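Structure at a glance
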Amino acid sequence: MVTDLGPAVRCRGLVKRYPDIVAVAGLDLQVARGECFGLLGPNGAGKTTTIEILEGLTEQDEGEVEILGRRWREDRAALRHQLGVQLQETQLNDKLTVEETVRLFRSFFHEGPAVVELLEVVELTSKRGAFVGKLSGGQKQRLSVACALAGRPELLFLDEPTTGLDPQSRRQLWTVLERFRATGGTILLTTHYMDEAHVLCDRVGIMDRGRLIALGTPRELVASLGAEHVVEFGVEGASLSEATLRELPGVHGVTQRDGHVALATAELHATVPALLDCLRRQGADLSLLSTHSATLEDVFVSLTGRHLRDG
Amino acid sequence: MVDRGGASHPLVELTLARFREFLREPEAVFWVFAFPVIMTCALGIAFRARGAEPVIVGVVAQDGADGVRATLEAAGGFTVRSVAPGDVDRAIRDGRAPVVVVPGRPPAYRYDEARAESQVARLAVDAALQRAAGRVDAFAARQEPIDVVGSRYIDWLVPGLLGMNIMSTGLWGVGFAIVQARTRKLLKRLVATPMSRAEYLASHVLSRLLFLALETGVIVGFAWVAFDVGVHGGLAALALLALLGALSFGGLGLLVASRARTIEGVSGLMNLVMMPMWVLSGVFFASSNFPDVMQPFIQALPLTALNDALRGVINEGLPLASLWKELALLVAWGTIPFALALKLFRWQ
């Protein structure tokens, strides 16, 4: 099938209201073909509602959605064949085996990989005869992705694919997704793990309270802090004014929270000695000092003053 | 040619999935197969044909009791029980003696007019005592007791139990599976694929048909072996009827489950749908016991149609052609709720 070369996902002015909350409050988004795009944000930011509107499972109140150049209203049947969907809360049938489950989903599509290939791609060949109820969390998630890949989709939607998984299972799933990308597929995923976005995504959009509050490559977003490093410290016996901290060499941003201070800095080697000098002069005792490379988490904190896990 | 990567047609895969799911659920297997057999067995034993049984007669322990006892024992066919004078009404009420003779000249009979058993016992006792006292019968009628298989209560009961089982497994089997898939968000996941919604619903009904062959076989086979309840009509006709019954109740099950969000919710609805039919549709006693004004309603119920048709085939050996009204009703009950369910169904 020849498809036009427009974006994989385009939406404009998306709004979804529920009786008690505005879940999506005017969202514009464009995802290019072949791209891996991550929607980031805390729980309740509107990520799931947004992705379900794009998946054609929820109808928006306002705004336009175009998926692979098609609209849900006119081309629902064709779109269903071109998309792979993985939902956050689906529990596949515990009483079926891995292979039976994949066969079932594969049967719905008119083309795609063979059942054995799908099992191979998600590394579940050795578990093909196991009941779904007996799988680990990571295996269940990979099975769920295998079902999403059953129609060899052009675009894959994943809603928090690695939430609740241990680090090893997460990496295994990332490998599966990278393989899909290597075949030219487009991915739109939601996550509240910043490291996941960093590893997988070409671009990320940070969502908070139904809006996109930042958009760019992970590198651009981190760079928007104006600093590549973050120095976190806590002091006892004195308090330092924000103005003083801002004057320290290399510092681009100061965030204070619960007695902890985070400094975004471009020059770690200049900032840290100056900070220590400053603390000594003031007679303050350090109770904590750490540094790390700036991450998307720091971007979120600097934009909202909250941590992602605070929700 | 559509490439399904080694999988079969979605309708086949969906039906197989349902079938496997069910067989791997031991409790469900019990309710569908073991339960009706136990039920048939218990009722069969309770209502088995007992041949000519002695009539139980109570005699009040007072003067003349020995004479009455001797007379009845001489006549034969009676089991005589002595009843204390103050205990007569209770003996009748408890069923210890359907009729109690109060010796005297003439004797008196105490019995319950509303109970057929009591009436029969009174007539038998009266005849025996009258003859012993010298009454001469005007003529001796030829006695022709029938012992036709097919006319016993158990013969009448088995088709009703079969119908009831087709109803309850159809409704529960479809309803539970659907609501469970809904609460587990599996329905939502399925509609995110190109799966045909009609095929999904149809697979639930079709998977019922696979069990049905087993269910019907087990019940009919058991009744035949244990109680000598034979099928007088064609087995193909019986199979077709069971099939129609399953389609009919499968469709109804879909409708009942089309919007329910919880297992509790759907259970309540199921009972609401099934209760009237258990009572009205002639499972344990004939639906003609209900007043005429209710008959049009009763006759329109799918279980009434199914039971009537099953009795027609099993007991009377009627050809299907003569049961066209029942068959048409079952088809209507299968298709209209299915179409409604497809419209009303809550997928998320």
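Residues numbered from 1 in each chain as written. Chains lettered and ligands numbered in written order. Predicted model: local features only at pLDDT ≥ 70, side-chain atom pairs only at ≥ 80, totals over all residues.

Moving on: the overall build of chain A. Within chain A, the secondary structure is distributed over eleven helices and 13 strands. Counting only C-alpha atoms, chain A reaches 75 × 45 × 35 Å along its principal axes. Burial statistics for chain A: of 311 residues in total, 44% are counted as buried. Considering only contacts in chain A between residues 6 or more positions apart, those separated by 24 or more positions represent 72%. (Helix = DSSP H or I, 4+ residues; strand = E, 2+ residues; numbered from the N terminus. Buried ≥ 20, exposed ≤ 12 C-beta atoms within 10 Å, placed from the backbone. Contact = placed C-beta atoms within 7 Å.)

When helices and strands are counted, chain B shows 13 helices and four strands. In summary, chain B has a C-alpha radius of gyration of 27 Å against a globular reference of 20 Å for 348 residues, an excess of more than 25%. Taken over the C-alpha atoms alone, chain B extends approximately 95 × 40 × 40 Å along its principal axes. The buried share among the 348 residues of chain B stands at 40%. (Rg over C-alpha atoms; globule rule 2.2 N^0.38 Å.)

Our next topic: the sheet that holds strand β2 (residues 78-83) of chain B. Residue and element names in this part refer to chain B. Read across the sheet, four strands follow the order β2-β1-β3-β4 without closing on themselves; strand pairing throughout is mixed. Each having just a single partner strand, β2 and β4 (108-111) make up the two edges of the open sheet. On average, adjacent strands in this sheet sit at an angle of 30 degrees to one another, irrespective of strand direction. As judged from the four bridges shared by strand β3 (residues 99-102) and β4, these two strands associate in the antiparallel manner. Opposite Val101, over in β4, you have Tyr109 as the bridge partner. Sheet strands touched by helix α3 (residues 65-75): β1 (55-60), β2 and β3. Its angle to β2, the strand with the most contacts, is close to 165 degrees. Running at roughly 165 degrees to β4, helix α5 (residues 116-132) makes contact with β1, β2, β3 and β4 of the sheet. (Pairing = 2+ DSSP bridges. Axes fitted to C-alpha atoms, helices over the stretch in contact; angles between N-to-C directions.)

With 29 residues of chain A at the interface, the matching set in chain B holds 26 residues. Mapped onto the side of chain A that touches chain B, the elements with two or more residues apiece are α2 (72-82), α3 (98-107) and α4 (115-121) of chain A. At six residues, α3(A) tops the list of elements feeding residues into the side of chain A that touches chain B. Class assignment of the residues belonging to the side of chain A that touches chain B gives a composition of 14 nonpolar, seven polar and eight charged. (Nonpolar A, V, L, I, M, F, W, Y, C, P; charged D, E, K, R; others polar.)

Here we come to the domain arrangement of chain B. Assigned domains of chain B: these are domain 1 (11-47 + 152-344) and domain 2 (55-132). Distance from the C-alpha centre of domain 1 of chain B to the C-alpha centre of domain 2 of chain B: 47 Å. (Domains from an automatic or database assignment.)

All names here are of chain B. Here Pro98 shows up in the loop between α4 (88-94) and β3. Taking the C-alpha atoms as reference, Pro98 lies 45 Å from Ala236; in sequence the two are 138 residues apart. The contacts of Pro98, once residues within four sequence positions are left out, are Ile56, Ile92, Tyr111, Arg115, Glu117, Ser118 and Ala121.

Nonpolar side chains in soluble globular proteins tend to be buried together. Grouped together as the largest cluster of nonpolar side chains are 152 residues, with contacts concentrated most on Ala146(A) and Leu188(A). For this core, the element with the highest residue contribution is helix α6 (residues 153-183) of chain B, accounting for 16 residues. Within the second largest apolar cluster, 20 residues are counted, among which are Val59(B), Val60(B), Val80(B) and Val101(B). (Core = buried A, V, L, I, M, F, W, Y, C linked by C-beta atoms within 7 Å.)

To continue, consider helix α11 (residues 296-304) of chain A. Residue and element names in this part refer to chain A. With respect to burial, α11 is a largely interior element, seven of its nine residues being buried. Within α11 the residues assigned to the buried category are Leu296, Glu297, Asp298, Val299, Phe300, Val301 and Ser302. Count one or two residues on from α11 and you reach Gly305, which has phi positive near 75 degrees.

The domains assigned to chain A are domain 1 (9-218) and domain 2 (226-293). Its C-alpha centre places domain 1 of chain A at a distance of 40 Å from the equivalent point of domain 2 of chain A.

This part is about helix α2 (residues 26-46) of chain B. Residues and elements named next belong to chain B. Taking 1.5 Å of rise per residue, the 21 residues of α2 would be expected to cover 30 Å, and the 29 Å separating its terminal C-alpha atoms lies within 8% of that figure. Helix geometry: α2 is bent most strongly at Ala34, by close to 35 degrees, with proline Pro36 lying one to four residues after it. When α2 is considered as a whole, its buried residues turn out to be Val32, Pro36, Thr40 and Gly44. (Expected span 1.5 Å × (residues − 1). Bend = angle between axes of the 7 residues up to and from the residue.)

Before going further, it helps to examine the environment of Ser287(A). Along the chain, Ser287(A) turns up in strand β13 (residues 285-293). Beyond its immediate stretch of four places on either side in the chain, Ser287(A) contacts Gly234(A), Val235(A) and Glu236(A).

For any two helices packed against each other, one specifies the inter-axial angle together with the distance between the axes. All names here are of chain B. In the contact formed by α6 and helix α9 (residues 235-256), the axes pass within 8 Å of each other and the chain directions differ by 35 degrees. At the point where α6 passes α9, the crossing takes the right-handed sense. Contacts between α6 and α9 involve Gly163, Ile166, Met167, Gly170, Leu171, Gly173, Val174, Gly175 and Ile178 on the former and, on the latter, Ala242, Gly245, Ala246, Phe249, Gly250, Leu252, Gly253, Leu254 and Val256. Taken together, the residues of the contact of α6 with α9 break down into eleven nonpolar, seven polar and no charged. (Left-handed = near helix turned anticlockwise from the far one by under 90°.)

On to the pairing of β1(B). Residue and element names in this part refer to chain B. The buried fraction of β1 is high, at five of six residues. With six bridges connecting them, β1 and β2 associate as parallel partners. Within β2, the residue paired with Gly58 across the bridge is Arg81. Chirality of the crossover, the property in question, places the unit of β1, α3 and β2 among those that are right-handed. Across three bridges, β1 lies against β3 in parallel orientation. (Right-handed = clockwise from strand over helix to strand, strands pointing away.)

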